[in-house]
Amino acid sequence: MGNAFCLDRRVEEEHQALGRNSPPALLVRKRSLSISRKTSLQGQLQDVCVRAIGAQLLKGQVSASECAHRLPLDLLQRVLDHIIGVDQLVLPLLQQLMSPWLHHLHLAGVPAVDNAWLPVIARAKHLRALDLSGCSMLSDAGTAWLSWLWQLTELRLQHCCGITDAGLCHISGLSALRLLDLEGCEGLGSSSLAAVGQLSGLTSLNLSQCPGIRGAGMRHIRGAAVPSNAVQPPTAAAAAAAAAAA
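Residues numbered from 1 in each chain as written. Predicted model: local features only at pLDDT ≥ 70, side-chain atom pairs only at ≥ 80, totals over all residues. Heavy atoms only, no water.

1. Some words on the overall build of the protein chain
Stage number 1. Helices and strands together make up the secondary structure of the protein chain, namely ten helices and six strands.
Stage number 2. In the protein chain, which comprises 246 residues, the share counted as buried stands at 38%.
Stage number 3. Put simply, of all contacts in the protein chain between residues at least 6 apart along the chain, 64% involve residues at least 24 apart.
Stage number 4. Just so you have it, the protein chain exposes about 13200 Å², and 57% of that area is on carbon and sulfur atoms. (Helix = DSSP H or I, 4+ residues; strand = E, 2+ residues; numbered from the N terminus. Buried < 20%, exposed > 50% of the residue type's maximum accessible area, 1.4 Å probe, protein only. Contact = heavy atoms within 4.5 Å. Areas by Shrake-Rupley, 256 points an atom, 1.4 Å probe, with all protein chains shown as cover.)

2. Focus: unusual backbone geometry
Stage number 1. Phi at His-159 is positive, roughly 60°, even though this residue is not glycine.
Stage number 2. We classify His-159 as partly exposed; its relative accessible area is 34%.
Stage number 3. The backbone of Gln-209 shows a phi angle near 60°, a positive value even though the residue is not glycine.
Stage number 4. For Gln-209, a relative accessible area of 46% corresponds to the partly exposed category.

3. With respect to the side chain of Ser-208
Stage number 1. By the element assignment, Ser-208 lies in the loop between β5 (204-206) and β6 (231-232).
Stage number 2. For Ser-208, the side chain forms a polar contact with the side chain of Asn-206, separated by 2.8 Å. (Polar contact = N/O pair within 3.5 Å; in protein donor to acceptor, adjacent residues only side chain to side chain.)

4. Examining the nonpolar core
Stage number 1. In this structure, Leu-107, Ile-121, Leu-130, Leu-132, Leu-180 and Leu-182 are the most contacted members of the largest nonpolar core, which totals 56 residues.
Stage number 2. Secondary structure elements with two or more residues in this core: α2 (24-58), α3 (64-70), α4 (73-85), α5 (91-97), α6 (118-121) and α9 (192-196).
Stage number 3. Here this core takes six residues from α4, the largest share from any one element.
Stage number 4. Those residues in contact with Ile-121 that lie beyond four places of it in its chain are Leu-94, Met-98, Leu-105, Leu-107, Leu-127, Leu-130, Leu-132 and Leu-149. (Core = buried A, V, L, I, M, F, W, Y, C linked by side-chain atoms within 4.5 Å.)

5. Describing the environment of Ser-133
Stage number 1. Examined against the element boundaries, Ser-133 turns out to sit in the loop between β2 (129-131) and α7 (140-143).
Stage number 2. Ser-133 sits in the buried class, given a relative accessible area of 12%.
Stage number 3. Sequence separation between Ser-133 and Val-110 is 23 residues; the distance between their C-alpha atoms is 8.8 Å.
Stage number 4. Beyond its immediate stretch of four places on either side in the chain, Ser-133 contacts Leu-107, Ala-108, Gly-109, Arg-156, Leu-157 and Gln-158.

6. Examining the confidence of the model for the protein chain
Stage number 1. This prediction gives the protein chain a mean pLDDT of 81; 71% of its residues lie at or above 70.
Stage number 2. Across residues 1-8 the pLDDT falls below 50, and counting only partners more than four positions away or on other chains, this stretch makes zero contacts in the model.
Stage number 3. Contacts for the low-pLDDT stretch residues 241-246, under 50 throughout, to residues beyond four places or in other chains number five contacts. (pLDDT = per-residue confidence, 0-100.)

7. Observations concerning α4
Stage number 1. Taking 1.5 Å per residue as the helical rise, α4 with its 13 residues ought to reach 18 Å, and the 18 Å between its terminal C-alpha atoms agrees with that figure.
Stage number 2. All of the buried residues in α4 are Leu-75, Leu-76, Gln-77, Val-79, Leu-80, Ile-83 and Ile-84. (Expected span 1.5 Å × (residues − 1).)

8. A word on the pattern of salt bridges
Stage number 1. Tallied over the entire structure, the rule returns four salt bridges.
Stage number 2. Notably, a salt bridge pairs Arg-70 with Glu-66, separated by 3.0 Å at the nearest N-O pair. Within this pair, Arg-70 and its partner Glu-66 are both found in helix α3, separated by four residues, close to a single helical turn.
Stage number 3. For Arg-156, the salt bridge identified is with Asp-181, shortest N-O distance 3.8 Å. Residue Arg-156 is located in strand β3 (residues 154-156), and its partner Asp-181 is located in strand β4 (residues 179-181); the two are separated by 25 residues in the primary sequence.
Stage number 4. Take Asp-181: its relative accessible area is 6%, and that puts it in the buried class. (Salt bridge = Lys/Arg side-chain N within 4 Å of Asp/Glu carboxyl O.)

9. Here's the deal with the environment of Ala-116
Stage number 1. Looking at where Ala-116 falls in the secondary structure, it is placed in the loop between β1 (104-106) and α6.
Stage number 2. We classify Ala-116 as partly exposed; its relative accessible area is 42%.
Stage number 3. Separated by 26 residues in the primary sequence, Ala-116 and Gly-142 place their C-alpha atoms 7.2 Å from one another.

10. A word on the state of the cysteines
Stage number 1. Scanning all chains against the criterion turns up zero disulfides.
Stage number 2. Of the cysteine sulfurs around Cys-135, a residue in no disulfide, the closest is that of Cys-160, at 5.6 Å.
Stage number 3. Taking relative accessible area as the criterion, Cys-135 reaches 1% and is therefore assigned buried. (Disulfide = S-S within 2.5 Å.)

Written out as structure tokens, the structure is:
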């Protein structure tokens, strides 16, 4: 017993001596490698958990509403992203998983998204980024719910052709908005820019492929905070007309 104790002490002393004699840079690298491996392992375990929870949700083996209440927010966000990524999100499931604390929602290209989804999305009061690009069934009635998302900083509505000038008026009070992407919104006309011009915090605006927006309408955003080099105009002709009117 005594010999074993002495041997343990000797091994411990040798390890301590090795640590004292190792260059500081080597010790830092060892610690960094250990932390990196630990972080990588945690990420892999989280990926496994996300896929497992997503599969159980889609099979009805676990309650979506229970997940929304019990899962940590970052894990709930990843589970929702996973379900969207495998093209399995439907409105009833979103209704149960929706949390007011979600910080982003990327529904680009989800074919089922229509006006009925917007009241559910509006429950995420702290949403920062929303992507509804390609959701062609959205119309002005649905965009009225966007006015509830007053913490939005990014809004992407590419190719939402059912949205007109009247629908865009609903977002004029989103003072936190920094990025607005309206590429391919063919239902918009020049008067829609009156609403855009009220977005004082806007720093990026995409109006490309919006044939209904003419150069004369660009005057509405000249007084806004959008830098001229941050605006992608609808056409070269519109840009030239706007420059001539300035």
